[in-house]
Amino acid sequence: MHLMMNSAAVAVRIEDLRVRRGRSPVLHGLSLDVPRGQVVGLLGPSGCGKTTLMRAIVGVQVIQSGTVTVLGLPGGSAALRHRVGYVTQAASVYDDLTVRQNIDYFRRVLGAPATDVDRVLDATSLGDQAGQLVGELSGGQRSRVSLAAALLGSPELLVLDEPTVGLDPVLRVELWELFHRLAASGVSLLVSSHVMDEATRCDRLLLMRDGEILFDDTPAGLLASTGAADAESAFLEVITRRAEEQSAGGAA
Ligand SMILES: Nc1ncnc2c1ncn2[C@@H]1O[C@H](COP(=O)(O)OP(=O)(O)OP(=O)(O)O)[C@@H](O)[C@H]1O
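Residues numbered from 1 in each chain as written. Predicted model: local features only at pLDDT ≥ 70, side-chain atom pairs only at ≥ 80, totals over all residues. Heavy atoms only, no water.

Within an unreviewed UniProt entry, the label attached to the protein reads ABC-2 type transport system ATP-binding protein, and the organism entered is Microterricola gilva.

In structure tokens, the structure reads:
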């Protein structure tokens, strides 16, 4: 059962959300809260619906039914445009501009202060690449340019779709440190991953499978409630229990 938090403490509230993509139902009536000022991990296998859920939160996904409330407003409201940062899996940056030119371009579009450029380059450890063309960067560096652009204007909610894919372990650790620094300053983050060892880096976890949230608690809560030694085995245990519940429900 989904337990509701006090709405002032919630950055995102989703109630009974159903989404179809093409002819297939992808999200089957899911409900969840993302608390403010925390790093919430959205973990689940490829194709389970993580991107679809994130698209619904940022307001670019047509929904079938249910409600999505973001920072107290309906998801996708014009008033949220500058308050929510979204980074998709494909880096949306210009290859023929340098890192700094890209960031400065997005800063002007947003109307963010000029001082933001160095702040976001610094936060994403891109200072040394500032003068390089984005087309000449590695995949991990390119995705950090997208993340830097999303930090412009200091959004209150960051929705990050697999931001650590393709990064080496040192950069992954640095990015998670950045996420926690942002959370400590009051930013709410929803970060998707299909790498289960990232689960322990989150304040809270949403485990997703086949368009459903199977688990919503802290990493410590996940290990305690399953008795598993690591997040990967815990997820498998959650899946097994869910399958048992379903077959018991079906048999009743
Ligand atoms: N444009 C689309 N049209 C129809 N179906 C789609 C479309 N995009 C995604 N789907 C389907 O929706 C389901 C959920 O996809 P989604 O991209 O949300 O999953 P995901 O968990 O983010 O996966 P990944 O980790 O691989 O990115 C999949 O079954 C996918 O085939």
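S.K.: Sorry, what's going on with the site of the ligand here?
M.R.: Taken together, 13 residues are adjacent to the ligand, and Ser46, Gly47, Lys50, Thr51 and Thr52 come closest. Measuring from an oxygen atom of the ligand, one finds a side-chain N or O atom of Glu162 at 3.2 Å. Its free accessible area being 640 Å², the ligand has 59% of it covered by the protein chains. Per element, the largest residue contribution to the shell around the ligand is three residues, and it comes from helix α1 (residues 50-58). Looking at the shell around the ligand, its residues break down into three nonpolar, seven polar and three charged. (Near = heavy atom within 4 Å. Polar contact = N/O pair within 3.5 Å; in protein donor to acceptor, adjacent residues only side chain to side chain. Areas by Shrake-Rupley, 256 points an atom, 1.4 Å probe, with all protein chains shown as cover. Helix = DSSP H or I, 4+ residues; strand = E, 2+ residues; numbered from the N terminus. Nonpolar A, V, L, I, M, F, W, Y, C, P; charged D, E, K, R; others polar.)

S.K.: Is there a simple way to explain the confidence of the model for the protein in this structure?
M.R.: Interpretation of the predicted coordinates at a detailed level should be avoided for regions scoring low in pLDDT. Averaged over every residue, the pLDDT of the protein is 91; residues scoring 70 or more account for 97%. Our summary of model confidence lists the complex with pTM equal to 0.91 and ipTM equal to 0.94. (pLDDT = per-residue confidence, 0-100.)

S.K.: Would you mind showing me how to read the packing of helix α4 (residues 139-151) against helix α5 (residues 169-184) here?
M.R.: In a pair of packed helices, the angle between the axes and the distance between the axes together describe the arrangement. Between α4 and α5, the shortest axis-to-axis distance is 13 Å and the interhelical angle comes to 10°. In terms of their interaxial angle, α4 and α5 are classed as roughly parallel. Contacts between α4 and α5 involve Arg144, Leu147 and Leu151 from the first element and Leu171, Leu175, Leu178, Phe179 and Leu182 from the second. For the contact of α4 with α5, the residue count by class is seven nonpolar, no polar and one charged. (Axes fitted to C-alpha atoms, helices over the stretch in contact; angles between N-to-C directions. Parallel < 35°, antiparallel > 145°, perpendicular 65-115°, else oblique. Contact = heavy atoms within 4.5 Å.)

S.K.: So what exactly am I meant to see when it comes to the pattern of salt bridges here?
M.R.: Oppositely charged side chains can form a pair if their charged atoms are brought close together. Enumeration according to the criterion identifies 15 salt bridges in this entry. With a shortest N-O distance of 3.4 Å, Glu245 and Arg242 are connected by a salt bridge. Remark: Arg242 and Glu245 occur in helix α7 (residues 231-251); sequence separation between them is three residues, near one turn of the helix. Owing to a relative accessible area of 26%, Arg242 belongs among the partly exposed residues under this scheme. Here the salt bridges share partners, and the residues they tie into one network are Asp104, Arg107 and Arg108. (Salt bridge = Lys/Arg side-chain N within 4 Å of Asp/Glu carboxyl O. Buried < 20%, exposed > 50% of the residue type's maximum accessible area, 1.4 Å probe, protein only.)

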